[in-house]
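Spelled out, the chains give:
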Amino acid sequence: MTLPAIDLPRSVHVFVRDWLSANHVLLKGGDGPVLVDTGYDSHKALTQALVEGPRGLAGTRLAKIVNTHGHSDHVGGNALLSARHGCPIAFPAVEARAVDAWDERALLYGYADQRCDRFGVDERIEAGSTHRWGELAWRALAAPGHDMGALVYFNDEHRILIAGDALWQRGFGFVLPRALDPDALPATRATLDLLAALDVRFVIPGHGEPFDAVEPALEFAYARLASLEADDERVARYACKAIFSYKLLEVRRFPEADLERYLQSVGLYRDMNDRVLRMTPAALAAFVADDLVRAGAVRREGGDLVTALGTAG
Ligand SMILES: [Zn+2]
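Note that the structure is a prediction, hence the values are computed from the model and not measured.

**Brief notes about the coordination of the zinc ion**
Piece 1. Summarising the metal site, the zinc ion is bound by the protein donors H69 (NE2), H71 (ND1), H146 (NE2) and D165 (OD), whose distances to it range over 2.1 to 2.3 Å.
Piece 2. What the four donor atoms of the zinc ion show is an angle range of 84 to 173° at the metal, which sorts the shape as irregular.
Piece 3. If you list the donors of the zinc ion from N- to C-terminus, the spacing comes out as H-x1-H-x74-H-x18-D. Of this pair, H146 sits in the loop between β8 (136-142) and β9 (151-155) while D165 is found in the loop between β10 (160-164) and α5 (184-196), placing the two residues 19 residues apart along the sequence.
Piece 4. A relative accessible area of 14% means that H146 is categorised as buried.
Piece 5. Using a relative accessible area of 4% as the deciding quantity, one classes D165 as buried.

As structure tokens, then:
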């Protein structure tokens, strides 16, 4: 079986990254190239090389950086690239307050033991506004859920959706349990309903290859959401595993003997355990490690947990 080729306009270039760094979308032409999302801190040199390379800016200067939301894997190159190119950063208006105050809890940086160079917001993007980025017009739509301030960007002409973590080919980004944010799961459902009503032809997700099998992706996302809505503990377990698996992508290996103390020391795990899971610290550590090993995301090696997921860039 051959998969249908994704036929994005030539002015839209997607740098497909991995799970540590979200994809970058370079929108060329018009008043100058605009970059949507900039990857994770520890891979920002690679982000710069890709974006400035022959398939990217190729000697031209970036006119603007745009973000889908403020999570560390989408904004890690903001400070570096905006400084190098002297370009403004346009950011979802709802979340801009957290960036202005550098609220590491709201943005899930220190709170989730993730890093990000501080950047400033130069332009606030309101939901419902339309922007000419590169050669195309993009409508900003509120997409709360995984991140309550997130936006997605939709081009009506080609029916392309830059989805961030609101919709992937299989699922969407982790959501906080009701005990930590009662609005997150209902907002996730409302966002999926909004995306389902858009008649999207191509999705450029925050992670994974662009795809045009939009119906199956929505079906998968709705099924995942229904399973999360049924069980707040499942939401918390999934989030703990997703966030620790992400940490392992950054550090590559982690001594298993330190896991219990580590999970206790990071606010997000502590809150999820105190308010939802209510496991002993040792049981939480054993659950996270065992489940990630069982899922094939992690393997045990000489007392360490080692990521089994690639970060080829
Ligand atoms: Zn995210």
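**A short note on the nonpolar core**
Here is a general trend for soluble globular proteins: nonpolar side chains tend to be buried in one another's company.
Piece 1. Counting 31 residues, the largest nonpolar core has F244, L259 and L263 as the members making the most contacts within it.
Piece 2. In this structure L263 touches F244, Y269, R270, L284, A285 and V288, once residues within four positions along its chain are discounted.
Piece 3. Ranked by size, the runner-up nonpolar core spans 25 residues in total, among them F154, F172, L225 and L228.

**Some details on the sheet that holds strand β6 (residues 123-125)**
Piece 1. Taken together, the six strands give an open sheet; going across it, the order is β1-β2-β3-β4-β5-β6, and neighbouring strands pair in mixed fashion. In the strand order of this sheet, the two ends are held by β1 (12-15) and β6, each with one partner. Going across the sheet, the axis of each strand differs from the next one's by a mean of 25°, ignoring polarity.
Piece 2. In this structure, strand β2 (residues 24-27) lies alongside strand β3 (residues 34-36), joined through three bridges in antiparallel fashion. Within β3, the residue paired with V25 across the bridge is V36.
Piece 3. Strand contacts of helix α3 (residues 78-85): β3, β4 (64-66) and β5 (89-92), with the helix running at about 165° to β4, the strand carrying the most contacts.
Piece 4. On top of the sheet, helix α4 (residues 93-100) reaches β5 and β6; it is set at about 115° to β5, its chief contact.

**Remarks on helix α6 (residues 214-229)**
Piece 1. The first and last C-alpha atoms of α6 sit 22 Å apart over 16 residues, in line with the 22 Å expected at 1.5 Å per residue.
Piece 2. Among the residues of α6, V214, A217, L218, A221, L225 and L228 are the ones counted as buried. What you see down the axis of α6 is that its buried residues fit within an arc of 95°, all on one side. For α6, the exposed residues lying more than 90 degrees away from the buried face are E215 and E219.
Piece 3. Contact partners of the buried residues in α6: α5, β11 (202-205) and α7 (232-251).

So, how was this worked out
Residues numbered from 1 in each chain as written. Predicted model: local features only at pLDDT ≥ 70, side-chain atom pairs only at ≥ 80, totals over all residues. Heavy atoms only, no water. Donors = N, O, S within 2.8 Å, 3.2 Å for Na, K, Ca; no water. Tetrahedral: all angles 85-135°; square planar, octahedral: opposite > 155°, others 65-115°. Helix = DSSP H or I, 4+ residues; strand = E, 2+ residues; numbered from the N terminus. Buried < 20%, exposed > 50% of the residue type's maximum accessible area, 1.4 Å probe, protein only. Core = buried A, V, L, I, M, F, W, Y, C linked by side-chain atoms within 4.5 Å. Contact = heavy atoms within 4.5 Å. Pairing = 2+ DSSP bridges. Axes fitted to C-alpha atoms, helices over the stretch in contact; angles between N-to-C directions. Expected span 1.5 Å × (residues − 1). Arc of directions from axis to C-beta.

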